[in-house]
Amino acid sequence: MTRRLTTTAGAPIADNQNSLSAGERGPILMQDYQLLEKLAHQNRERIPERVVHAKGWGAFGSFTVTNDISKYTRAKVLQPGTTTKMLARFSTVAGEAGAADHERDVRGFALKFYTEEGNWDLVGNNTPVFFIRDPYKFPDFIHTQKRHPKSNLRSNTAMWDFWSLSPEALHQITILMSDRGLPTTPMNMNGYGSHTYSLWNEDGERFWVKFHFKTRQGHKFYTNEEGAKIIGETREGYQESLFGAIENGEFPKWDVKIQIMPEADAEQAPFNPFDLTRVWPHGDYPLIDVGVIELNRNPENYFAEIEQAAFSPSNIVPGIGFSPDRVLQARIFSYADAHRYRLGTHYEALPVNAPKCPMHHYHKDGSMNFIGQKTGHIDAYYEPNSYADTAKQDPGVAEPPLKISGNADRYDHRDGSDDYTQPRALHNLMSQDERQRLYSNTASSMQGVPKEIIERALAHYDLISKDYGDGIRRALEKQQPAD
Ligand code: NDP
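Residues numbered from 1 in each chain as written. Predicted model: local features only at pLDDT ≥ 70, side-chain atom pairs only at ≥ 80, totals over all residues. Heavy atoms only, no water.

Attention now moves to the layout of surface pockets. Approximately 1,400 Å³ is the volume attributed to the largest pocket. Along the walls of the largest pocket sit 38 residues, with Asn 272, Phe 274, Pro 324, Arg 326 and Ser 405 positioned nearest its centre. For the lining of the largest pocket, the secondary structure elements donating two or more residues are α7 (265–268), α9 (326–343) and α10 (421–429). A total of three residues in the lining of the largest pocket trace back to one element, the largest contributor, which is α10. Of the residues that constitute the lining of the largest pocket, the class distribution is 15 nonpolar, 10 polar and 13 charged. When we break the lining of the largest pocket down by domain, the ones giving at least three residues each are domain 1 (56–127 + 185–346) and domain 2 (421–478). (1 Å grid on protein atoms, 1.4 Å probe; cavity = no way out; pocket = protein on both sides within 12 Å on 5 of 7 lines; lining within 4 Å. Points joined across faces, edges and corners; volume = space filled by probe spheres on them. Helix = DSSP H or I, 4+ residues; strand = E, 2+ residues; numbered from the N terminus. Nonpolar A, V, L, I, M, F, W, Y, C, P; charged D, E, K, R; others polar. Domains from an automatic or database assignment.)

Now for the pattern of salt bridges. Applying the stated criterion to the full structure yields 30 salt bridges. Note that Arg 133 and Asp 275 form a salt bridge whose closest N and O atoms lie 2.9 Å from each other. With Arg 133 in the loop between β4 (118–125) and α2 (138–145) and Asp 275 in the loop between α7 and β9 (288–297), the pair connects residues that are 142 residues apart, well separated along the chain. Neither Arg 133 nor Asp 275 differs from the other in exposure class; each is buried. Here Asp 462 and Arg 473 are joined by a salt bridge, their closest N and O atoms 2.7 Å apart. One end of the pair, Asp 462, is in helix α12 (residues 451–464); the other, Arg 473, is in helix α13 (residues 466–479), and 11 residues separate them in sequence. By relative accessible area, Asp 462 is classed as partly exposed at 23%. Where salt bridges share partners, they join Arg 74, Lys 76, Glu 116 and Glu 117 into one cluster. (Salt bridge = Lys/Arg side-chain N within 4 Å of Asp/Glu carboxyl O. Buried < 20%, exposed > 50% of the residue type's maximum accessible area, 1.4 Å probe, protein only.)

The next point concerns α10. Listed as buried for α10 are Gln 422, Pro 423 and His 427. In an axial view of α10, the angular spread of the buried residues amounts to 145 degrees, which keeps them on one side of the axis. In α10, the exposed positions that point more than 90 degrees away from the buried face belong to Asn 428 and Leu 429. Looking at the buried positions of α10, the neighbouring elements they touch are α4 (170–177), α11 (432–444), α12 and α13. (Arc of directions from axis to C-beta. Contact = heavy atoms within 4.5 Å.)

Turning to the site of the ligand, a few remarks are in order. In the vicinity of the ligand there are 20 residues, among which His 171, Asn 190, Lys 214, His 219 and His 282 approach most closely. A distance of 2.9 Å is found between a nitrogen atom of the ligand and a backbone nitrogen or oxygen belonging to Trp 280. Within the backbone of Gln 422, one N or O atom sits 3.0 Å away from an oxygen atom of the ligand. Protein chains shield 77% of the accessible area of the ligand, which is 790 Å² for the free molecule. Elements supplying a minimum of two residues to the shell around the ligand: α4, β7 (206–215) and α10. By residue number, the principal contributor to the shell around the ligand is α10, which donates four residues. Each residue belonging to the shell around the ligand can be placed in one class, and the counts come to 10 nonpolar, eight polar and two charged. (Near = heavy atom within 4 Å. Polar contact = N/O pair within 3.5 Å; in protein donor to acceptor, adjacent residues only side chain to side chain. Areas by Shrake-Rupley, 256 points an atom, 1.4 Å probe, with all protein chains shown as cover.)

This part is about the domain arrangement of the chain. Examined at the domain level, the chain breaks down into domain 1 (56–127 + 185–346) and domain 2 (421–478). Taking only C-alpha atoms into account, the centre of domain 1 sits 29 Å from that of domain 2. Every contact between the two is made by eight residues of domain 1 and, on the other side, four residues of domain 2. Summing both partners gives a buried area of about 420 Å² for domain 1 against domain 2, and 39% of it is carried by carbon and sulfur. (Buried area = accessible area lost by both parts, 1.4 Å probe.)

Taken together, the side chains of Met 30, Tyr 33 and Leu 36 present a nonpolar region at the surface, about 360 Å² in accessible area. The topology assignment puts Met 30 in the segment before α1 (33–43). Residue Met 30 is classed as exposed on the basis of its relative accessible area, which comes to 71%. (Patch = residues over 30% accessible without salt bridge, like charges linked within 9 Å, V, L, I, M, F, W, Y side chains within 5 Å.)

A residue is classified by how much of its surface remains accessible, and Arg 133, at 9% relative accessible area, is buried. In terms of polar contacts, Arg 133 uses its side chain to reach the side chain of Ser 417, at 3.4 Å. What Arg 133 contacts, discounting residues up to four positions off in sequence, is Glu 168, Asp 275, Thr 277, Arg 278, Arg 326, Val 327, His 413, Arg 414, Ser 417 and Asp 419.

Structure below.
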């Protein structure tokens, strides 16, 4: 059957090749609405790109729970044997939407689980920690990753100026400059929820939790030189590899694991378990198996399903909760807010974002409301109301109280913090070869940075370990011989 071409309002189009003009050599008529509609749509083909994580690659799949962790959580998505449809979007952080895929950068690892109790989004990275521990510094940090206002170029100086004044970043910088900072494909890296979240069970007990996603494809990485060569050949290497693998039926998988900390332990832990610059050592909090995720379906339309995919840490479901992690607290606001700006008020109603379970709310009107009022009765556009069978609260899903103590103040987040022990543990884990690459990658990211900033950074590296500081010094000399 031939499909008849129409305007967006459904009127059939007789000629899709020629504009309507007054005479063969004359001007176009204002009444050529087909043309006007076509041009107007083209003007609106882009939406604001994400300020961070603009360049991304995504696919759909499933999450199957293979172990029984019901003693920690009542979340239906985490009950043994449950399979839930999901979406994953991987991304670089700093580059714009057209940036090359194979750049050294942290990778976003965002997951959306379409659970029967609403969407659960775990918006993580391929690193278990982050550069900052206080969200107040996030816009400043991101400015150093983006373009200089005058030159419109990325600035190593801005980056190292900020980092050398923010020693809490050392742990994440160590991972970024290590082999893990340039994975060969999105399939060859781990994912981490990074933040501390909580789980709560049927008895109302709360446990702190960290989520881990271990690649079954193995860790693979490129050196800076290999990355540069690949970018010269293709800027879209991640899209090609992820899309291609799934088209070929090679479905990537990750083992899902958690670390659990009993609620009361948080008070006694020698480190702040809600600090995003810290991991929980596996020796103290071993990994517990949960299940497996598999990606097995490419999107039909990249823009509709990946560019418009809206992940937010605010999306949790009964049995999963937040924690006092400050960066998480800020992301709960800022991600949903970014999507309202980028996509519109009713962004969660777009097919890729819409829950697959029944959804009823009283949010009214606003841009792009194409779902009407989902409350159960046409007159019930407010609550409480006296109409039968309209959407009502369910005390059965009430979360146990989140215990918080302390006086409100602007506490110095750098005061007394140990920013060296965990990067040292990571440095100790690395082989000699890995260390040499770490030193060399760190030194090359310092190109063009004034000496006093480099010296300030090296003083911090010496506090991690003298080997680490000296390794970077040697690499700097090799790359920028003293004149
Ligand atoms: P473990 O030896 O038990 O764990 C070390 C972890 O380091 C493994 O999960 C391994 O991941 C990961 N790893 C190896 N090389 C790198 C790298 N270049 N960049 C990032 N991660 C890497 O030790 P601990 O749990 O005591 O942690 C020691 C240090 O390991 C930490 O300070 C932290 O820097 C790092 N780490 C710890 C994690 C944790 O949750 N405890 C998670 C990731 C890193 P894999 O299993 O994939 O090989």
